[in-house]
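# Survey of secondary and tertiary structure
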Amino acid sequence: GRLVSIAEYHIEGSIVVVSHVETERAMRGRGNADRLMRGVVDDLRSRDMTISALCSFAAAFMRDHPDDADLLA
């Protein structure tokens, strides 16, 4: 029930531009940001939207999950 990770983004048509992903310092290294990005990607897929990952973490997540490469704008 605690907010530990956030994703800052804005929408440009059917593209979600993720500019920043951050996890509370004390909660880092536990997979929280990965779970957040998984939720973002799954939501985008269900909405037929794509992602532009400007944030280095979001970009690395997309590189690490090649099955989601079709969602890259």
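What counts and what doesn't
Residues numbered from 1 in each chain as written. Predicted model: local features only at pLDDT ≥ 70, side-chain atom pairs only at ≥ 80, totals over all residues. Heavy atoms only, no water. Helix = DSSP H or I, 4+ residues; strand = E, 2+ residues; numbered from the N terminus. Rg over C-alpha atoms; globule rule 2.2 N^0.38 Å. Buried < 20%, exposed > 50% of the residue type's maximum accessible area, 1.4 Å probe, protein only. Core = buried A, V, L, I, M, F, W, Y, C linked by side-chain atoms within 4.5 Å. Contact = heavy atoms within 4.5 Å. Pairing = 2+ DSSP bridges.

## A few points about the overall build of the protein chain
Regarding its fold elements, the protein chain presents two helices and three strands. For the protein chain, the sequential pattern of α-helices and β-strands runs β-β-α-β-α. Relative to the compact-globule value of 11 Å for 73 residues, the protein chain shows a C-alpha radius of gyration of 12 Å, a close match. C-alpha extents for the protein chain along the principal axes are approximately 35 × 25 × 20 Å. Residues counted as buried form 32% of the 73 residues belonging to the protein chain.

## A closer look at the nonpolar core
Core analysis: the biggest nonpolar cluster contains 15 residues, and Val21, Met37 and Ile51 have the highest contact counts within it. At the level of secondary structure, the elements contributing two or more residues to this core comprise strand 2 (15-23), helix 1 (32-46) and helix 2 (56-64). In terms of residue count, the dominant contributor to this core is helix 1 (five residues). Residues contacting Val21, with those up to four places away along its chain left out, are Ile6, Ala7, Ala33, Leu36, Met37, Cys55, Phe57 and Ala58.

## Examining the pairing of strand 1 (residues 5-12)
When strand 1 meets strand 2, the two strands line up antiparallel, connected through eight bridges. Within the sheet, the bridge partner assigned to Ile6 lies in strand 2 and is Glu22. Hairpin connection, strand 1 to strand 2: the antiparallel pair is bridged by two residues, and Gly13 has positive phi, about 70 degrees.

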